[in-house]
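These are the residues of each chain, in order.
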Amino acid sequence: MKMNGEAALASAANPPFTIADIRAGIPKHCWIKNPWRSLSYVVRDFSLAFGLTAMAVYIDSWIFWPLYWTAQGSVFMGLFVIGHDCGHGSFSDKRMLNNVMGHVLLTFVLTPFHGFRIGHRTHHQNHGHADKDEAWVPLPEKIYKNLDSSTKFLRFTIPFPLLAHPLYLLYRSPGKDGSHFNPNSELFLPSERRNVFFSTVCWTLMFVLLLVLSVVIGPVQMIKLYWIPYWIFVLWISSVTYLNHHGHDHKVPWYRGEEWNYLKGALTTVDRDYGWFSHIHHHLGTHVIHHLFPQIPHYHLLEATCAIKPVLGHYYKKPQKSSPIPFHLMSDLIRSLEEDHYVSDTGNVVFYETDPELHRSSWNKNIYSAICSMLKG
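Residues numbered from 1 in each chain as written. Predicted model: local features only at pLDDT ≥ 70, side-chain atom pairs only at ≥ 80, totals over all residues. Heavy atoms only, no water.

Draft legend 1. Main features of the overall build of the protein. What the protein contains, in helices and strands, is 17 helices and two strands. Relative to a compact globule of 377 residues, whose C-alpha radius of gyration would be 21 Å, the protein shows 21 Å and is just as compact. Projecting the C-alpha coordinates of the protein onto the three principal axes gives extents of approximately 65 × 55 × 45 Å. Residues counted as buried form 54% of the 377 residues belonging to the protein. Sequence separation of at least 24 residues holds for 73% of the intrachain contacts in the protein that already meet a minimum separation of 6. Counting 32 positive and 28 negative side-chain charges, the protein places the centres of these two groups 5 Å from one another. (Helix = DSSP H or I, 4+ residues; strand = E, 2+ residues; numbered from the N terminus. Rg over C-alpha atoms; globule rule 2.2 N^0.38 Å. Buried < 20%, exposed > 50% of the residue type's maximum accessible area, 1.4 Å probe, protein only. Contact = heavy atoms within 4.5 Å. Lys, Arg positive; Asp, Glu negative; His and termini not counted. Charge placed at Lys NZ, Arg CZ, Asp CG, Glu CD.)

What follows is the structure in structure tokens.
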């Protein structure tokens, strides 16, 4: 969906409030980072993870296994979110505690802490920037049209984009060089390379531990206990990251040059209601306040969001209320992947455009229709 010039101009206009106005509306206690409370969520999530593992081993029924995989993958996502908070410094005011817990939590779900932390910092510093953003950054038209047809199909056809997290860590996005594992990547400053190397070593030790456990308890058991939940987690992190920046009912702008600023970029983010999973995921769907002020702990995000709504007014994109299972988001995801393919190479305010040829070939169209029909039930 393209927007006319008048609508684009309205979307790109500076809002009638400032960051300071928004900050003033947030209760003071929402800024307090309580390390004991943060640690209590770590204990809770690891207790759930190991408790679910014990139940799965004890029950060992194919009726229970799918429930275990879904629940455990969602708990892995919760552990990731707390580790992600450590990277923002919202876990505590102690850098050492943030780094230690960040390594424990993110390494457990095979994500290098410092590599991810720094890359994610780039995302927050450039949110909504068509060229400099880091997570699910729009493809410029020239890069998009130079991709081969199979790459386009895999990038914009479910379930393939939802498996992107490990590939993003390894290779970043098309048009961007580097790896979250490589200390010499252009993502990192020379002063950060030692930390990145350490995180990559921790990731490697975790992977070796998983291989050892596969030998000890058997590869099939390890696949059931860890690897399938891990891929459920990958589905979660890839889809949540995408939906928090895409798929709103009205197209959101992407900025370049003088049109971009931190506030306008933050307001391009989208809040989502994930039903029961919102609690398990520590309310990562409250994404607008998180991008405005990433230093706010996750357990204050809901209250802070309620506090800033009167300030944001119609600039706040109210999420659709979810049933316990957020099935409604699947249609948003499918629609966005059908429509949001690339942005223009030129212009300081751009919107996603659609490639009408993407799923037009008979093979692609049949496969794509079958996948969408299955997912829509």
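Draft legend 2. Quick look at the nonpolar core. Of all hydrophobic cores here, the largest spans 52 residues; its most connected members are Met 77, Phe 80, Leu 105, Tyr 226 and Phe 233. Of all elements in the fold, only α3 (35–59), α4 (65–88), α5 (95–108), α6 (113–125), α9 (164–171), α10 (193–217), α11 (219–243) and α16 (328–339) reach the threshold of two or more residues within this core. In terms of residues, this core owes the most to one element, α11, which gives 11 residues. With 18 residues, the next largest nonpolar core counts Cys 30, Leu 292, Ala 304 and Tyr 315 among its residues. (Core = buried A, V, L, I, M, F, W, Y, C linked by side-chain atoms within 4.5 Å.)

Draft legend 3. Structural view of the pattern of salt bridges. Under the defined criterion, the tally for this structure stands at 13 salt bridges. The residue Arg 335 makes a salt bridge to Asp 332 at a minimum N-O spacing of 3.4 Å. Remark: Asp 332 and Arg 335 occur in helix α16; sequence separation between them is three residues, near one turn of the helix. Of the residues examined, Arg 335 reaches a relative accessible area of 23% and is grouped as partly exposed. Because the salt bridges share partners, they merge into one network encompassing Glu 134, Arg 172 and Glu 186. (Salt bridge = Lys/Arg side-chain N within 4 Å of Asp/Glu carboxyl O.)

Draft legend 4. Spotlight on the packing of aromatic side chains. Applying the stated criterion across every chain yields a total of 29 aromatic pairs. Note on Trp 236 and Tyr 274: the rings are 6.3 Å apart at their centroids and 80° apart in plane angle, and the pair reads as edge-to-face. With a gap of 38 residues between them, Trp 236 in helix α11 and Tyr 274 in the loop between α12 (262–266) and α13 (277–280) connect regions that are remote in the sequence. Judged by relative accessible area, Tyr 274 falls into the buried class, the value being 3%. The ring of Tyr 144 is capped by Lys 152, whose NZ or CZ atom sits 4.6 Å from the centre of that ring. (Phe/Tyr/Trp six-rings, centres within 6.5 Å; stacked < 30°, edge-to-face > 60°. Lys NZ or Arg CZ within 6 Å of the ring centre and 35° of its normal.)

Draft legend 5. The packing of α3 against α5, seen in detail. In the contact formed by α3 and α5, the axes pass within 13 Å of each other and the chain directions differ by 15°. As far as their axial angle goes, α5 and α3 are roughly parallel. Viewed along their axes, α3 and α5 form a crossing whose handedness is left-handed. Contact with α3, carried on its side by Pro 35, Leu 39, Val 42 and Phe 46, involves Leu 97, Met 101, Val 104, Leu 105 and Phe 108 of α5 and no other residues of that element. (Axes fitted to C-alpha atoms, helices over the stretch in contact; angles between N-to-C directions. Parallel < 35°, antiparallel > 145°, perpendicular 65-115°, else oblique. Left-handed = near helix turned anticlockwise from the far one by under 90°.)

Draft legend 6. Layout of the environment of Ser 149. Here Ser 149 shows up in helix α8 (residues 149–155). A sequence separation of 208 residues divides Ser 149 from Glu 357, and the C-alpha atoms of the two residues are 9.9 Å apart.

Draft legend 7. Representation of unusual backbone geometry. In this chain, Ile 158 is followed by Pro 159 through a cis amide linkage whose omega measures 10°. On the secondary structure map, Pro 159 appears in the loop between α8 and α9. Of note, His 283 is a non-glycine position whose phi angle comes to about 60°, a positive value. For His 283, the position within the fold is in the loop between α13 and α14 (287–292).

Draft legend 8. Focus on α4. In this model, α4 (24 residues) spans 35 Å end to end at C-alpha, consistent with the 34 Å of a helix rising 1.5 Å per residue. Among the 24 residues that make up α4, 19 are buried, leaving the element largely enclosed by the rest of the structure. Positive backbone phi, approximately 80°, marks Gly 89, located one or two places after α4. (Expected span 1.5 Å × (residues − 1).)

Draft legend 9. Structural detail: α9. Buried within α9 are the following residues: His 165, Pro 166, Tyr 168 and Leu 169. Viewed along the axis of α9, the buried residues span an arc of 160°, placing them on a single side of the element. For α9, the secondary structure elements touched by its buried residues are α4, α6 and α11. One or two residues past the end of α9 sits Arg 172, with phi positive at roughly 60°. (Arc of directions from axis to C-beta.)

Draft legend 10. Up close: the side chain of His 180. Considering the arrangement of structural elements, one finds His 180 in the loop between α9 and α10. A residue is classified by how much of its surface remains accessible, and His 180, at 1% relative accessible area, is buried. Looking at His 180, its side chain comes within polar contact range of the main-chain oxygen of Tyr 168, at 3.4 Å. Excluding residues that lie within four positions of it along the chain, His 180 makes contacts with Pro 112, Gly 115, Phe 116, Gly 119, Glu 134, Tyr 168, Leu 169, Arg 172, Leu 187, Phe 188, Val 196 and Thr 200. (Polar contact = N/O pair within 3.5 Å; in protein donor to acceptor, adjacent residues only side chain to side chain.)

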